Amino acid sequence: MVYEVDEHKIGGENVKMKVMLINGSPRKNGATGTVLRKMSEMCLSYKNVEIDLVYLADLKMEYCKGCEVCYKKGGCIIKDDAEALASRLRNVDAVIVGSPTYASNVSGLMKTFIDRGHFVIEQALVHKYVVIVATGENYGKQDVVKILRKLVVYSGGRICGSIALNVEFEKGIKIDDKLKRKIKENSEKLYQSGRRKKRYFIQELVHKAVFEVGIKPFVLRKGEDYRGVRKMWEEMGIGD
């Protein structure tokens, strides 16, 4: 679903910030979904923001086949909702990604989209601002944050903040003052970072090292087998 607010001028130019929220929980109205909806409401309270709230549970997503055709052709051979979502993701400015904790890891839904989403090799999150939301009852939610942080930084994104929320199973979620503050703080950081094009130098250094030492030489060694990746980089203005 997409909501829009009226544009106004900042610095003499019309500006609109596109924010995609990705809910990786199979329970659309669970703890993860509740936090993401509250964050979407907060983002909509700012001017010049367009929201795209995505429930992975609603999408048709096949598992990655590991064929690497996407690296050669620049797109997946499976033409389903995962490929369509990956294309939409390229056109947003900021992302709020949320997952419950399953076995100290992201949900199966989220993992399937990560496998299909053209993230690390194709650098799907370059220059995008990101907030991470993880929910769970035990320590594993911190593992989810770490997993998603690595994915974001390696994919070129800039992490503005994170929420790791402790929720008792089947007890529901209480939006108390503490959680309200976290939601407001993280939403505000995402919005202000995107507006001002804030630099996150340590993350950028980590990404540069990973990209220049690991990803780029690997792709270049692959030659024509990875020509689709190089074309994507060229369109994004990276990899020179």
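As shown above, the structure is provided for reference.
Read on for a plain summary of the structure. This structure is a prediction, so every number in the text was calculated from the model and none was measured.

What follows covers the overall build of the protein. Per the secondary structure count, the protein includes eight helices and eight strands. In summary, the protein has a C-alpha radius of gyration of 18 Å against a globular reference of 18 Å for 240 residues, a match within 12%. Taking the principal axes of its C-alpha atoms as reference, the protein extends roughly 55 × 50 × 35 Å. Taking all 240 residues of the protein together, the buried fraction comes to 48%. Restricting to contacts in the protein with at least 6 residues of sequence separation, those with at least 24 account for 78%. Looking at the protein as shown, the accessible area adds up to about 12,500 Å², and 50% of this sits on carbon and sulfur atoms. Charged side chains in the protein number 43 positive and 31 negative. The centres of these two groups are separated by 3 Å.

Moving on, we come to the side chain of E204. In this fold, E204 is placed in helix α7 (residues 201–222). Look past the residues within four positions of E204 in its chain and what remains in contact with it is R158 and R199.

Counting across every chain of the model gives 12 salt bridges. Residue D115 pairs with K111 through a salt bridge whose shortest N-O separation is 2.6 Å. One end of the pair, D115, and the other, K111, are both in helix α4 (residues 108–116), four residues apart, so they sit about a helical turn from each other. Residue D115 is classed as partly exposed on the basis of its relative accessible area, which comes to 37%.

Turning our attention to the packing of aromatic side chains. According to the stated counting rule, one finds six aromatic pairs in the structure shown. Relative to Y226, the ring of F218 has its centre 5.6 Å away and its plane inclined at 85°; by these criteria the two rings are edge-to-face. The exposure class of F218 is partly exposed, given its relative accessible area of 29%. Judged by its relative accessible area of 2%, Y226 falls in the buried class. Within the aromatic cluster, the residues linked to one another by ring pairs are Y71, F218 and Y226. Taking NZ or CZ as reference, K28 lies 4.8 Å from the ring centre of Y55, over its face.

Each turn of an α-helix holds 3.6 residues, which means side chains three or four residues apart point in the same direction. Taken together, the buried positions of helix α8 (residues 227–236) are G228, V229, M232 and W233. Mapping the buried residues of α8 onto a view down its axis gives an arc of 140°, with all of them on the same face. Seen from the open side of α8, the exposed residues pointing more than 90 degrees away from its buried face are K231, E234 and E235. Buried residues along α8 sit in contact with α2 (69–73) and α7. The positive-phi residue at the C-terminal boundary of α8 is G237, with phi of around 75°.

The rules we used
- Residues numbered from 1 in each chain as written.
- Predicted model: local features only at pLDDT ≥ 70, side-chain atom pairs only at ≥ 80, totals over all residues.
- Heavy atoms only, no water.
- Helix = DSSP H or I, 4+ residues; strand = E, 2+ residues; numbered from the N terminus.
- Rg over C-alpha atoms; globule rule 2.2 N^0.38 Å.
- Buried < 20%, exposed > 50% of the residue type's maximum accessible area, 1.4 Å probe, protein only.
- Contact = heavy atoms within 4.5 Å.
- Areas by Shrake-Rupley, 256 points an atom, 1.4 Å probe, with all protein chains shown as cover.
- Lys, Arg positive; Asp, Glu negative; His and termini not counted.
- Charge placed at Lys NZ, Arg CZ, Asp CG, Glu CD.
- Salt bridge = Lys/Arg side-chain N within 4 Å of Asp/Glu carboxyl O.
- Phe/Tyr/Trp six-rings, centres within 6.5 Å; stacked < 30°, edge-to-face > 60°.
- Lys NZ or Arg CZ within 6 Å of the ring centre and 35° of its normal.
- Arc of directions from axis to C-beta.

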